[in-house]
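A structural walkthrough
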Amino acid sequence: MITGIIIAAAVVGILGILIGVFLGVASEKFKVETDEKEILVRNELPGNNCGGCGYAGCDALAKAIAAGEASVDACPVGGAAAAGRIGAIMGVDGGNAVKKVAFVKCKGTCDKTKVNYYGMDDCKKITVVPGAGEKACVYGCMGYGSCVKACAFDAIHVVDGVAVVDKEKCVACGKCVASCPNHLIELVPYTAEHLVQCSSHDKGKDVKAKCESGCIACTLCTKQCEFDAIHMDNNVAVIDYEKCTNCGKCAAKCPVKVII
């Protein structure tokens, strides 16, 4: 009896040793070498794993940057500061990364747009329902917060029926942009001082019938701009932020005050 126990223990011990040796040899033989630059780059990334860069997370982005497959300023959360440090690691110019924030192109608060309620309480679900929500404007913010649920940084909330972005909390990850079924949210320069808060493509009289704060495509703003920075695109004013000097003439002339 005792002999059997000793033999069994010996067999288990020998097997354990053999497996340990095998795993040790296998780990050395099949180990994947990690690029030192990849480790250094990863240390400079914020670790939010938000996916705003287009990669699965910070580890994937670090690998892509080290391999030369992604630019050193690809991380929207780290911004220019991280881009500069990563550029130094990669031996390239960190670029001139411009801090961006999300902006909601709608001013149709509950008191300014006509109500036309059909039920549902989710932006994406409600797009398939006749009438598409409470508001008569089919282009505007539905106000049910799909963007709020998508934001991991508590940077966007629905206020009086319209999503509003907190510029100081926003990291420009783009999750809210992707979540909006009406494509109302875009990333704009943090320093932009004049923004068109409307996305309606209806003609002027149709806009006025549905919302008091919609762009009526009067073109007065385009006539005021000396820098060719604002144009009409399918009945709504659009600003070119690379040309805009923030002079404010377009906002001052807008009769419906949709340029903020």
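Relevant structure appears above.
Throughout what follows, the structure given in this document is the object of discussion. (Residues numbered from 1 in each chain as written. Predicted model: local features only at pLDDT ≥ 70, side-chain atom pairs only at ≥ 80, totals over all residues. Heavy atoms only, no water.)

**Considerations on the overall build of the protein chain**
Let me state the cut-off plainly: Numbering of helices and strands runs from the N terminus; a helix is a DSSP stretch of H or I covering at least four residues, while a strand is a stretch of E covering at least two. Here a residue-residue contact requires only that any non-hydrogen atoms of the pair lie within 4.5 Å. The method behind every accessible area is Shrake-Rupley, applied with a 1.4 Å probe, and residues are considered shielded solely by the protein chains displayed.
Secondary structure assignment for the protein chain yields 10 helices and six strands. Taking contacts inside the protein chain between residues at least 6 apart in sequence as the whole, the part at least 24 apart equals 57%. Accessible surface for the protein chain amounts to roughly 14700 Å². Of this, 58% is attributable to carbon and sulfur atoms.

**Considerations on the nonpolar core**
Applied cut-off: What we call a nonpolar core is a set of buried Ala, Val, Leu, Ile, Met, Phe, Trp, Tyr and Cys residues that are connected through their side-chain atoms within 4.5 Å. The buried label applies to any residue whose accessible area, calculated with a 1.4 Å probe on protein chains only, is under 20% of its type's maximum; exposed applies above 50%, and partly exposed to all values in between.
Judged by nonpolar contacts, the single largest core of 25 residues is most densely connected at Val104, Ile156 and Ile185. Broken down by secondary-structure element, the contributors of at least two residues to this core are strand E1 (100–104), strand E3 (162–165) and strand E4 (185–189). Here the element with the most residues in this core is E1; it accounts for four residues. The contacts of Ile185, once residues within four sequence positions are left out, are Ala102, Phe103, Val104, Cys147, Ile156, Cys176, Val177 and Cys180. One finds Cys221, Val236, Ile239 and Ala251 within the second-largest nonpolar core, a separate group that totals 14 residues.

**Re the environment of Ile230**
Here Ile230 lies in strand E5 (residues 230–233). For Ile230, a relative accessible area of 4% translates into the label buried. Counting along the chain gives 34 residues from Ile230 to Val196, while the straight-line C-alpha distance between them is 9.8 Å. Beyond its immediate sequence surroundings of up to four residues, Ile230 is in contact with Val196, Cys221, Thr222, Cys225, Ala237, Val238, Ile239, Cys250 and Ile259.

**Some details on unusual backbone geometry**
Within the chain, Thr219 stands out as a residue other than glycine whose phi angle is a positive 70 degrees. Within the secondary structure, Thr219 is located in the loop between helix H8 (204–210) and helix H9 (220–224). Here Thr219 falls in the partly exposed class, since its relative accessible area comes to 24%. One non-glycine residue with positive phi stands out, namely Asn234, at about 55 degrees.

**Here we look at the packing of helix H2 (residues 36–44) against helix H4 (residues 79–90)**
The geometry of a pair of packed helices is captured by two quantities: the angle between their axes and the separation between those axes. Here is the rule: Angular values range over 0 to 180 degrees, each being the angle between N-to-C directions of two axes fitted as lines to C-alpha atoms, with helices fitted over their stretch in contact. Relative orientations are named as follows: roughly parallel for angles under 35 degrees, roughly antiparallel for angles over 145 degrees, roughly perpendicular for angles from 65 to 115 degrees, and oblique for any other angle. Under the scheme applied, nonpolar residues are Ala, Val, Leu, Ile, Met, Phe, Trp, Tyr, Cys and Pro; charged residues are Asp, Glu, Lys and Arg; polar residues are all the others, including Gly.
Packing of H2 against H4 brings their axes to within 9 Å, and their N-to-C directions diverge by 170 degrees. Accordingly, the angle class assigned to the pair H2 and H4 is roughly antiparallel. Across the interface between the two elements, Lys37, Leu40, Val41 and Glu44 from H2 touch Ala82, Arg85, Ile86, Ile89 and Met90 from H4. For the contact of H2 with H4, a count of residues per class yields six nonpolar, no polar and three charged.

**Describing helix H3 (residues 58–66)**
Looking only at H3, the buried set comprises Cys58, Leu61, Ala62, Ala64, Ile65 and Ala66. Considering only its buried residues, H3 is in contact with H2 and H4. Of the residues one or two after H3, Gly68 is the one with positive phi, at around 80 degrees.

**With respect to a nonpolar patch on the surface**
For clarity, the threshold we go by: Patches draw on residues past 30% relative accessible area with no salt bridge. Two like charges within 9 Å are joined, as are two nonpolar side chains (Val, Leu, Ile, Met, Phe, Trp, Tyr) within 5 Å. The salt bridge definition used is simple: a Lys or Arg side-chain nitrogen within 4 Å of an Asp or Glu carboxyl oxygen.
On the surface, Ile14, Leu15, Leu18, Ile19, Phe22 and Leu23 cluster together into a nonpolar patch covering about 640 Å² of accessible area. By the element assignment, Ile14 lies in helix H1 (residues 2–30).

**Looking at the pairing of E1**
The two faces of the sheet receive side chains in turn, since in a regular strand these alternate between them. Rules: For two strands to pair, DSSP has to find at least two bridges joining them.
For E1, a buried count of four out of five residues is recorded, marking the element as mostly surrounded by other parts of the structure. Relative to E4, E1 runs antiparallel, the two sharing five bridges. Residue pairing for E4: Val101 is matched across the bridge by Val188.

**Brief notes about the pattern of salt bridges**
One pass over the structure, following the stated rule, counts seven salt bridges. Of the charged contacts in the structure, one is a salt bridge between Asp59 and Arg42, with a shortest N-O distance of 2.6 Å. One end of the pair, Asp59, is in helix H3; the other, Arg42, is in helix H2, with 17 residues separating them in the sequence. Classification of Asp59 by relative accessible area gives exposed; the value is 52%. Residue Arg42 is classed as partly exposed on the basis of its relative accessible area, which comes to 23%. The shortest N-O distance in the salt bridge between Lys169 and Asp154 comes to 3.1 Å. One end of the pair, Lys169, is in the loop between E3 and helix H7 (175–179); the other, Asp154, is in the loop between helix H6 (146–150) and strand E2 (156–159), and 15 residues separate them in sequence. For Asp154, a relative accessible area of 41% puts it in the partly exposed group.

**Some points on the state of the cysteines**
As used in these notes, a disulfide is a covalent bond between sulfur atoms, one from each of two cysteines. We count it as follows: Defined by distance alone, a disulfide is two cysteine sulfur atoms within 2.5 Å.
Inspection of the entire model under this criterion finds zero disulfides. Cys58 takes part in no disulfide bond, and the closest cysteine sulfur to it belongs to Cys75, at a distance of 6.0 Å. Here Cys141 is not cross-linked by a disulfide; its sulfur's nearest cysteine counterpart is in Cys106, at 5.6 Å. With a relative accessible area of 8%, Cys141 lands in the buried category.

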